[in-house]
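Structural features, examined
So you can see what is in the structure, the chains are spelled out below.
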Amino acid sequence: MNAKKMDHLATGVIYALVAAVIIILIAILGYILFNGVPDISWKFLTTAAQSFSAGGGIRDQLFNSIYLLILTIIVSLPIGLGAGIYLSEYASNNWFTDLIRTSVEVLSSLPSVVVGLFGYLLFVIKFNLGFSILSGAIALTFFNLPLLTRNIEESLQAVPDLQREAGMSLGLSNWKTTTKIILPAALPGILTGLILSAGRIFGEAAALIYTAGQSAPTVDYSNWNIFSPTSFLNPMRPAETLAVHIWKVNTESVTPDANLISSASSAVLIIVILIFNLGARFLGNKLYKKITATK
């Protein structure tokens, strides 16, 4: 077989593998959405879950997922931004930099259940935070940091060196050049990575079972006192998220409509994650065109 035929054969195999991945993805998403979307309603999204009777919703679980996501980003973004700027703009090639990058890679490969057990032993038990939103947010920071740090570092490195040289030629310090020139130019890529990591956080379950807990106590959405036990903003209360709720419904629920709740909740989770991913691409492209003045 000559080189041309080998090239065509290899190309065909690659296309077939890509098509197989796309078909599997469409089949999974199609199955979940086909079974779950018909059961989604405004009542389902805005009513509390029921433990024994039918007709419950996912109001509290959906809010807990969003609240936990916001807290996780608040905790992880400053750390990831600082680490990304250091690795891209300040770190030299030495053993310390290699140690940081290796640590990031190791952290990204840890199983979620291991991080959950670590968070349970350290934050829930040792620091006496209990099963709470705060414990879950700190645990999820371990998932978010590697992805966020790598994304910020790569986004900063993608900015042409010509812009760095222009800043230096104007007499700006390295910090001023980074914050006033490089960081704004890398903003589309950073926001894209942030939104993509948000989708991963939103769908996490294993780590939250051991940190945020599996219960969703009734809260008062009119109580804005963050220190009140019944306030929806209290970060020290236990909070069952949507992903944990799906797992719990499929394993422990005794409600008559458990299959309906599971299918509809899974569809809501998939839809939100798709919105995160599609929104990341749209926002990234829009910001890039605005900053670079391209059409």
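Residues numbered from 1 in each chain as written. Predicted model: local features only at pLDDT ≥ 70, side-chain atom pairs only at ≥ 80, totals over all residues. Heavy atoms only, no water.

It is worth spelling out the layout of surface pockets at this point. Its volume calculated, the largest pocket comes out at about 340 Å³. Along the wall of the largest pocket there are 20 residues; nearest its centre are Q50, S51, E240, H245 and K248. Among the elements of the structure, helix 3 (59-90) and helix 10 (242-251) are those that each provide at least two residues to the lining of the largest pocket. The element best represented in the lining of the largest pocket is helix 10, accounting for three residues. Partitioned by chemical class, the residues of the lining of the largest pocket number seven nonpolar, nine polar and four charged. (1 Å grid on protein atoms, 1.4 Å probe; cavity = no way out; pocket = protein on both sides within 12 Å on 5 of 7 lines; lining within 4 Å. Points joined across faces, edges and corners; volume = space filled by probe spheres on them. Helix = DSSP H or I, 4+ residues; strand = E, 2+ residues; numbered from the N terminus. Nonpolar A, V, L, I, M, F, W, Y, C, P; charged D, E, K, R; others polar.)

Running from amino to carboxyl end, helix 3 crosses helix 6 (residues 133-157) at an angle of 35°, the nearest separation of the two axes being 6 Å. Of the two possible hands of crossing, helix 3 and helix 6 adopt the one that is right-handed. Across the contact of helix 3 with helix 6, the residue classes break down as 17 nonpolar, ten polar and two charged. (Axes fitted to C-alpha atoms, helices over the stretch in contact; angles between N-to-C directions. Left-handed = near helix turned anticlockwise from the far one by under 90°.)

Let us look at the environment of I85. The residue I85 is located in helix 3 in this model. Residues in contact with I85, not counting those within four places in the same chain, are Y90, I152, L156 and T178. (Contact = heavy atoms within 4.5 Å.)

A contiguous nonpolar patch, built from Y86, Y90, W95, F96, L99 and W175 and spanning about 690 Å² of accessible area, is present on the exposed surface. Those elements that place two or more of their residues in the nonpolar patch are helix 3 and helix 4 (95-108). Examining the composition of the nonpolar patch, we find that three residues originate from one element, helix 4, more than from any other. Locating Y90 in the fold gives a position in helix 3. Residue Y90 is classed as partly exposed on the basis of its relative accessible area of 37%. (Patch = residues over 30% accessible without salt bridge, like charges linked within 9 Å, V, L, I, M, F, W, Y side chains within 5 Å. Areas by Shrake-Rupley, 256 points an atom, 1.4 Å probe, with all protein chains shown as cover. Salt bridge = Lys/Arg side-chain N within 4 Å of Asp/Glu carboxyl O. Buried < 20%, exposed > 50% of the residue type's maximum accessible area, 1.4 Å probe, protein only.)

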